[in-house]
Amino acid sequence: MATYRAPRGTRDLLPEERALFERLMGIGSELATRYGYRPFETPLFEQAAVFERGIGETTDVVEKELFRIAPRTEEAESWALRPEWTAGIVRAYVQHGMQTWPQPVKLAISGPIFRYDRPQAGRYRQFWQFDVEAIGDPGPAIDAEIVELGLRFYREAGVEGVEVLLNSIGDPACRPAYVETLTDYYRRHAAALPPVERNRLERNVLRLLDSKDPAMAELNEAAPRISDHLCGACNAHLESVQAHLTALDVPFRVEPAVVRGLDYYTRTAFEYYVAGREGQQQALGGGGRYDGLVQLLGGRPTPGIGFALGLDRVALVLAEQGSISAAEDGPVAVVVGADPDDTVIRLRIATQLRATGLRVRADLGRRKLGRQLQAAGKDGAHFAVILGDELNAGQVQVRDLLAGTQRVVALDDLARELARADASHRHG
Ligand code: AMP
């Protein structure tokens, strides 16, 4: 018999880690609401063309990492699992005529993302992101609002030492000349380029700057920098973003190597790192402005900006920094009994308590009462509700497993008593 495993590059989120993800997504959606971003959902898959056209055919994400769904013979459409959010969200913006809504349209979403990447530590083929997008505002103030929102997410999640790297990658007015300068530079060094990069040189030279190949490090370090080639408008935009960030007390560093991997970015690009871990694979999150994307996907020219923060990497960093707090999701009480055939009454009492909002487990096995009490203790339960002869008088024994005390409580008072005692224990 074969032993089955989760597919390479994917993992199961066991209850403890799932609880952490739940908490992170909760922080994200609460923050999003606080900042005026509304919850939203797109399908896990889209027409492949949304990504091919939106992200760019010569990007790693489309060229190598797209999880394509083989078309069924009777279907003409070719689909792919979403490898990022923005293209799908912009597709939805155009499809639903959101340009007629009050602008900017501010949306927030979190969930799994799929990339057929080479798996390694912190790099998975299915991973989770918290994403926000503000479509319809040319900035630069909103650029700073978004950068600050991301940083606040890390703070509230308890990640220490996160820094913001900021850059501008120009716009259609100034990027073409820079791309030409950059192409000339790499052509002069073509012999030193790994085959993949040499192949990309003529098609999408910006990609070389964020190459993951270590052989490129030195060459990229000495490459012409976009910051020396920005047009007046892009320069002014970048300066204004910086002024807004400074006013918001957001610490940041301008870093010309932040070019982002996707074609649609214009002007503002940013990434979040834990200080001292700026290696290629270690970005905690990133985002940028995409002023040409709405038009590219069939809408009216509309500016936009957003970020995606990787939750798996936040979980890794929290574990490294030793700051994962255990979730408080154990039962408040476990209902136990000496009679193995009294499961109807055990379950009924547990159900009544649950209906009042208490976390309650009913022990439905046939083991001895002592074992049931032991198990309740291991569960982290505060109380055991013990069913016995007192039931005839409408009463049960309640044992405080933490204090080691026990008393008789009327069934009518049980829910109130448990809730009160548990609350006073937690707050006292
Ligand atoms: P990107 O859009 O590639 O910049 O991704 C944004 C964030 O998502 C990154 O900074 C990472 O935190 C996370 N991320 C990207 N790719 C992966 C992956 N393969 N596995 C886990 N997290 C990822």
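Just above, that's the structure.
All of the points below concern the structure found in this document. (Residues numbered from 1 in each chain as written. Predicted model: local features only at pLDDT ≥ 70, side-chain atom pairs only at ≥ 80, totals over all residues. Heavy atoms only, no water.)

**Re the site of the ligand**
Around the ligand lies a shell of 14 residues, among which Arg115, Tyr124, Gln129, Arg260 and Leu284 are the nearest. A distance of 3.0 Å is found between an oxygen atom of the ligand and a backbone nitrogen or oxygen belonging to Ala283. Within the contact set of the ligand, an oxygen atom lies 3.0 Å away from a backbone nitrogen or oxygen of Gly285. Those elements giving two or more residues to the shell around the ligand turn out to be strand S6 (126–135) and strand S11 (304–310). Each residue belonging to the shell around the ligand can be placed in one class, and the counts come to 5 nonpolar, 4 polar and 5 charged. (Near = heavy atom within 4 Å. Polar contact = N/O pair within 3.5 Å; in protein donor to acceptor, adjacent residues only side chain to side chain. Helix = DSSP H or I, 4+ residues; strand = E, 2+ residues; numbered from the N terminus. Nonpolar A, V, L, I, M, F, W, Y, C, P; charged D, E, K, R; others polar.)

**Digging into the packing of aromatic side chains**
Summed over the entire model, instances satisfying the criterion amount to 10 aromatic pairs. Taken together, a centroid distance of 5.6 Å and an interplanar angle of 75° make the contact between Phe153 and Tyr154 edge-to-face. Each member of the pair, Phe153 as well as Tyr154, carries the same accessibility label: buried. An aromatic cluster of three or more residues is present, and its members are Phe130, Phe153, Tyr154, Phe270, Tyr272 and Phe307. The ring of Tyr124 carries the charged tip of Arg11 above its face, separated from the ring centre by 4.4 Å. Directly above the aromatic system of Tyr116 lies the positively charged group of Arg125, at a separation of 4.0 Å from the ring centroid. (Phe/Tyr/Trp six-rings, centres within 6.5 Å; stacked < 30°, edge-to-face > 60°. Buried < 20%, exposed > 50% of the residue type's maximum accessible area, 1.4 Å probe, protein only. Lys NZ or Arg CZ within 6 Å of the ring centre and 35° of its normal.)

**Quick look at the sheet that holds strand S9 (residues 266–274)**
On the basis of which strands lie adjacent, the open sheet formed by 8 strands has the order S1-S5-S6-S11-S10-S9-S7-S8 and mixed pairing. Two strands in the sheet have a free side with no partner beyond their single neighbour: strand S1 (38–39) and strand S8 (252–254). Of the pairings in the sheet, the one linking strand S5 (residues 105–114) to S6 comprises 10 bridges and is antiparallel in character. Directly across from Leu107, in S6, lies its bridge partner Glu133. The sheet strands contacting helix H1 (residues 15–34) are S5 and S6, and the helix crosses S6 at an angle near 0°. Along the sheet, helix H10 (residues 232–247) contacts strand S7 (162–168), S8, S9 and strand S10 (285–289); its crossing angle with S7, the most-contacted strand, is approximately 160°. (Pairing = 2+ DSSP bridges. Contact = heavy atoms within 4.5 Å. Axes fitted to C-alpha atoms, helices over the stretch in contact; angles between N-to-C directions.)

**Brief notes about unusual backbone geometry**
The phi angle of most residues is negative, glycine excepted, and most peptide bonds adopt the trans form. Between Gln103 and Pro104 the backbone carries a cis peptide bond, its omega angle lying at -5°. Among the secondary structure elements, Pro104 is positioned in the loop between helix H4 (86–95) and S5. The residue after Gly139, namely Pro140, is reached through a cis peptide bond having omega 5°. Among the secondary structure elements, Pro140 is positioned in the loop between S6 and helix H5 (141–157). One non-glycine residue, Asp249, adopts positive backbone phi at about 60°. Note that Asp249 resides in the loop between H10 and S8. One non-glycine residue, Arg267, lies in positive phi territory at about 55°. Here Arg267 lies in strand S9.

**Some remarks on the nonpolar core**
Counting residues in each nonpolar core, the largest one holds 100 residues, and the members touching the most others are Tyr37, Phe153, Val159, Tyr186 and Tyr272. Looking at this core, the element that brings in the most residues is H5, giving 9 residues. When sequence neighbours within four positions are dropped, the list of residues in contact with Tyr37 reads Ala32, Lys106, Leu107, Ala108, Val132, Glu133, Ala134, Ile142, Glu145, Ile146 and Leu149. Counting 20 residues, the second-largest nonpolar core is a separate cluster that includes Ile345, Ala362, Leu387 and Leu414. (Core = buried A, V, L, I, M, F, W, Y, C linked by side-chain atoms within 4.5 Å.)

**Remarks on the environment of Thr86**
Residue placement: Thr86 occurs in helix H4. Residue Thr86 is classed as buried on the basis of its relative accessible area of 5%. Counting along the chain gives 25 residues from Thr86 to Val61, while the straight-line C-alpha distance between them is 13 Å. Every residue in contact with Thr86, bar those within four places of it in the chain, is listed here: Glu133, Tyr264, Tyr290 and Leu293.

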